[in-house]
Amino acid sequence: MDNVATLGTAAHEHAHDHAHEELGFWRKYVFSQDHKVIGIQYAFTSLLFLLFGFGLMMVMRYQLAYPGSPIPLIGNWLGSANAPGGIMLPEFYNQLGAMHGTIMVFLGVVPLAVGGFGNFVMPLQIGAPDMAFPKLNMMSYWVYFVGGVVMLVSFFMTGGAAQSGWTSYPPLAVISPGQTMWLIGMIFLITSSLLGSVNFIVTIVQLRARGLTWMRLPFFVWAQFVTSFLLLLAFPPLEAAGVMQLMDRVAGTSFFMPSGLVVSNQVATSLTGVATGAVGSGGGNPLLWQHLFWFLAHPEVYVLILPAMGIVSEVIANNTRKPLWGYRALVYSVGFLGFMSFIVWAHHMFMTGMGTTMSAFFQTTTMIISIPSVVILTALLLSLWGASIRFTTPMLFALAFLPMFGIGGLTGLPLGLAPSDIHLHDTYYVIGHFHYVVAPGTIFALFAGIYYWFPKATGRQMNELLGRIHFWGSFVCINLVFAPMLIQGLGGMNRRLYDGGMQYALNADLLKWNVVIGMAAWTLGLFQLPFIINFIMSIKWGKPVDNNPWEATTLEWSAPSPPGHGNFLTEPVVYRGPYEYSVPGAAQDFTPQFEPERA
């Protein structure tokens, strides 16, 4: 009977394949409903946005290293409105700063971590033939794409792109040019995340393979599951806030515009000529935006870091040939982390005069939320103990994630305490802390995932030598970019100054670091070339691999490389946990979830 069932399943899959082959080019590769194609679309698009956002940063670092000097090579391309004679204007620097943060977070890291890896890997890891709602999945990508295009088009609008930072604090954001397009783009991006998060939750709950109980899920799936809840619950407040700020700009409302606002030495009753209509001034509360924004933006930090932790856990388990240490503790920690992330948002707002009682509450919750992060980091470090480690390219990036995330977390503790935050707030210390979490932390984990799952997506291996050059160059340069920022911040250097703060005497001994950071940033850009070459060349000329080149245990490695329509040739069945490596008495050092028990 088992043979009959297997033949029936194979025939069913073959019929699906035949039906799938009838799809034309546009429905198969552009407006696709296949989770793998959509995941690859997300990955390619987000990598391009990351490259563009990184380019904005390199231009900013030249301005900070050599303020008042013409920007080489591209200075004359920036236009006389932005850089007359190639010398950057403060307004254009503000545009680059605002758009760099927005693009890297909302158009780069989150879409790659959730839309790219989540879409491609998660259904394969749970044995699903596709996402629960394929059309919704396709819509989530295209809404994200439209939001990204709107953000980029804003550079070419009258007045340029948004200039009020990635946080867009009113009243400045309401009266500055370029903000309308930023708000429209954000509304599209938030809608995309909401569509995707609903899809992820339903897929994980409803479409798991036979035998795949909750405590047999790979940790990557748990990370995506909690991340989806964060997106679903935290993004709606910011979407509402975005609509309200948009109304303040174009419809004359005053949700965030206070009474008695002084603009150009005059008390404003209404500000005409901004956006497309009159902007009201009166009765609004700028702090309301901060509450709504940070209620999203602190969970957003965990939207960045949780998928990264999931990727790193898969790579570490595979390359240590050991089970993850403390799997249940990891699962409970990631759930608790998700819950706590909703009650720490106002530690970004100690400077608003919230009072000592509220400050004490948010300081306490901030210290509490560090505990599950430490548990996860400790479990991953203990997984290395006594292991025979394979130093593959994905493992190098995963190992580097651990100390980099550790530095990011430790440097965040002083910012979670009001007395120290008052001195460090809005200095380069904040930039250094946040980027240690996101750049050498999260982005290193994403590189680990690209190198690790590339064979599954393409059927080919990326070049190890180019991968190692990419890793070591990036590792050295990225620390030379962000470590000096911690020194500058402790010295009191404020961020968001287009000339690097040279007009302030206290910065005299700190300005030399801007040149060091600039050199490191441009060299970091050069070290991304081996990755780009490796990525593009390996798609066609990489070494062909079988279904399971890493000798891994999770379910995605039972599918063909690359997987076809429906993913699996036969219905997958799960017989054990996700990390059965080096089991005593086993014939080999890995026992996949999908291998039946031997008699």
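A short note on unusual backbone geometry
Look at the link from Pro-170 to Pro-171: it is a cis peptide, with omega at 5°. Looking at where Pro-171 falls in the secondary structure, it is placed in the loop between helix H5 (134-153) and helix H6 (172-175). Of note, the phi angle at Arg-321 is positive, near 60°, even though the residue is not glycine. Note that Arg-321 resides in the loop between helix H9 (286-320) and helix H10 (327-340). Using a relative accessible area of 7% as the deciding quantity, one classes Arg-321 as buried. Of note in the backbone geometry, Glu-551 takes a positive phi value of approximately 55° without being a glycine. Judged by relative accessible area, which is 35%, Glu-551 ranks as partly exposed.

Re the packing of helix H7 (residues 179-206) against helix H8 (residues 219-250)
One way to put it is that H7 packs onto H8 with a least axis distance of 8 Å and a crossing angle of 155°. Taken together, the axis directions place H7 and H8 in an arrangement best described as roughly antiparallel. Considering how the two elements wind past one another, H7 and H8 form a crossing that is left-handed. In terms of residue class, the contact of H7 with H8 is made up of 22 nonpolar, 9 polar and 2 charged.

Regarding the pattern of salt bridges
For the structure shown, the criterion picks out 8 salt bridges. Salt-bridge contacts for Arg-321 lead to Glu-551; the nearest nitrogen and oxygen are separated by 3.9 Å. Of this pair, Arg-321 sits in the loop between H9 and H10 while Glu-551 sits in the segment after strand E6 (543-544), placing them 230 residues apart in sequence. In this structure, Arg-576 engages Glu-597 in a salt bridge whose closest nitrogen and oxygen atoms are separated by 3.5 Å. With Arg-576 in the segment after E6 and Glu-597 in the segment after E6, this residue pair connects regions lying 21 residues apart in the sequence. Residue classification places Arg-576 among the buried positions, given a relative accessible area of 9%. Within the structure, one salt-bridge network assembled from shared partners comprises Arg-321, Glu-551 and Asp-589.

What about the confidence of the model for the chain?
Averaged over all residues, the pLDDT of the chain is 91; the fraction at 70 or higher stands at 94%. With pLDDT under 50 throughout, residues 1-20 is counted as low confidence; its partners more than four residues away or in other chains account for 13 contacts. Low pLDDT (under 50) marks residues 272-278, which in the prediction has 19 contacts with non-local residues, meaning those over four places away or in another chain.

Quick look at the nonpolar core
Core analysis: the largest hydrophobic core is formed by 172 residues, its most contacted members being Met-99, Phe-117, Phe-219, Leu-238, Leu-306 and Phe-401. Phe-219 has contacts with Met-309, Gly-310, Ser-313, Glu-314, Leu-324, Tyr-327, Leu-330, Val-331, Val-334 and Tyr-579, leaving out every residue within four places of it along the chain.

Some thoughts on helix H11 (residues 356-382)
Taking 1.5 Å of rise per residue, 27 residues should cover 39 Å, and H11 covers 39 Å from first to last C-alpha, within 8% of that figure. Inspection of H11 places Ser-359, Phe-362, Gln-363, Thr-365, Thr-366, Ile-369, Pro-372, Ser-373, Ile-376, Leu-377, Ala-379 and Leu-380 among the buried residues, and these make up the whole buried set. Tucked into the core, H11 has its buried residues touching H9, H10, helix H12 (393-412) and helix H13 (418-424).

Describing the side chain of Thr-102
With respect to the secondary-structure elements, Thr-102 resides in helix H4 (residues 90-125). Accessibility expressed as a relative area gives 0% for Thr-102, which makes it buried. A distance of 2.9 Å separates a polar atom in the side chain of Thr-102 from the backbone oxygen of Ala-98. Every residue in contact with Thr-102, bar those within four places of it in the chain, is listed here: Leu-107, Met-151, Trp-166, Trp-182 and Met-186.

What about the environment of Gly-585?
By the element assignment, Gly-585 lies in the segment after E6. Of the residues examined, Gly-585 reaches a relative accessible area of 83% and is grouped as exposed.

A word on a nonpolar patch on the surface
Together, Leu-51, Leu-526, Leu-529, Ile-532, Ile-533, Ile-536, Met-537 and Trp-541 give the surface a local cluster of nonpolar side chains, amounting to about 810 Å² of exposed area. Per-element accounting of the nonpolar patch gives the leading share, 6 residues, to helix H17 (residues 529-541).

Regarding the packing of aromatic side chains
Inspection of every chain in the model, using the stated rule, returns 51 aromatic pairs. Aromatic side chains Trp-345 and Phe-362 sit 5.1 Å apart centroid to centroid with 70° between the ring planes, which places their arrangement in the edge-to-face category. With Trp-345 in the loop between H10 and H11 and Phe-362 in helix H11, this residue pair connects regions lying 17 residues apart in the sequence. Look at Phe-362 and you get buried, because its relative accessible area is 4%. Aromatic rings pair up to connect Phe-44, Phe-397, Phe-444, Phe-447, Tyr-451, Phe-454, Phe-471, Trp-472, Phe-475, Phe-531 and Phe-535 into one cluster. One residue, Arg-208, lies across the ring of Trp-214, its end atom 4.2 Å from the ring centre.

With respect to empty space enclosed by the protein
This structure, assessed with the given rule, holds 2 cavities of 30 Å³ or more. As a volume, the largest cavity reaches approximately 200 Å³. Residue lining of the largest cavity: 20 residues in total, with Tyr-42, Val-110, Pro-111, Ser-192 and Ser-193 positioned closest to the centre. Of all elements in the fold, only H4, H5, H7 and H8 reach the threshold of two or more residues within the lining of the largest cavity. When residues of the lining of the largest cavity are assigned to their parent elements, the largest contribution, 7 residues, is made by H7. Within the lining of the largest cavity, the residues separate by chemical class into 11 nonpolar, 8 polar and 1 charged. The volume enclosed by the second largest cavity comes to roughly 40 Å³. Along its surface, the second largest cavity is lined by Trp-182, Met-186, Ile-187, Ile-190, Leu-238, Gly-242 and Trp-289. The element that contributes the greatest number of residues to the lining of the second largest cavity is H7, accounting for 4 residues. Classifying every residue of the lining of the second largest cavity gives 6 nonpolar, 1 polar and no charged.

Thresholds, definitions, all that
- Note that residues are indexed from 1 along each chain, following the sequence as it is written.
- Reporting of local features is limited, given that this is a predicted model, to residues whose pLDDT is at least 70; pairs of side-chain atoms are given and counted only at 80 or more, and all residues count toward the totals for whole chains, interfaces and linings.
- The side-chain numbers reported here are obtained from all heavy atoms of the structure, hydrogens and water having been left aside.
- Helix and strand labels come from DSSP, where a helix needs a run of H or I of at least four residues and a strand needs a run of E of at least two; each type is numbered from the N terminus.
- For the exposure calls, accessible area comes from a 1.4 Å probe over protein chains only, and a residue counts as buried if that area is under 20% of its type's maximum, exposed if over 50%, partly exposed in between.
- Axes here refer to lines fitted to C-alpha atoms; in helices the fit is confined to the stretch in contact. Angles between the N-to-C directions go from 0 to 180 degrees.
- Working definition: roughly parallel below 35 degrees, roughly antiparallel above 145 degrees, roughly perpendicular at 65 to 115 degrees, and oblique for all remaining angles.
- Should the near helix be turned counterclockwise from the far one by less than a right angle, the crossing is left-handed, whereas a clockwise turn marks it as right-handed.
- Residues were grouped as follows: Ala, Val, Leu, Ile, Met, Phe, Trp, Tyr, Cys and Pro as nonpolar; Asp, Glu, Lys and Arg as charged; and all remaining residues, including Gly, as polar.
- A side-chain nitrogen of Lys or Arg and a carboxyl oxygen of Asp or Glu constitute a salt bridge if their distance falls within 4 Å.
- Per residue, pLDDT measures the predictor's confidence, with a range of 0 to 100.
- Only heavy atoms matter for contacts: two residues are in contact if any of them lie within 4.5 Å across the pair.
- In this text, buried Ala, Val, Leu, Ile, Met, Phe, Trp, Tyr and Cys residues form a nonpolar core when linked through side-chain atoms within 4.5 Å.
- Expected span of a helix: the number of residues minus one, times 1.5 Å.
- As used in this structure description, the phrase polar contact means that two N or O atoms lie within 3.5 Å; if the pair is within protein, one of them must be able to donate a hydrogen and the other to accept it, and residues adjacent in sequence are counted only when both atoms belong to side chains.
- Each patch is assembled from residues with relative accessible area greater than 30% and no salt bridge, linking like charges that lie within 9 Å and nonpolar side chains (Val, Leu, Ile, Met, Phe, Trp, Tyr) that lie within 5 Å.
- Note on areas: Shrake-Rupley with a 1.4 Å probe; residue coverage comes only from the protein chains shown.
- Between the rings of Phe, Tyr and Trp (Trp by its six-membered ring), a pair exists once the centres lie within 6.5 Å; its type follows the angle of the planes, with under 30 degrees stacked, over 60 edge-to-face, and the other angles tilted.
- Both a distance and an angle decide whether a charge sits over a ring: NZ of Lys or CZ of Arg must be within 6 Å of the ring centre and within 35 degrees of the ring normal.
- Throughout, the protein atoms alone are placed on a 1 Å grid, and a set of points is a cavity if a 1.4 Å probe fits but cannot get out or a pocket if it is open with protein on both sides within 12 Å along at least five of seven lines; lining residues have an atom within 4 Å of a point.
- Grid points are joined across faces, edges and corners, and a volume is the space filled by probe spheres set on the points.

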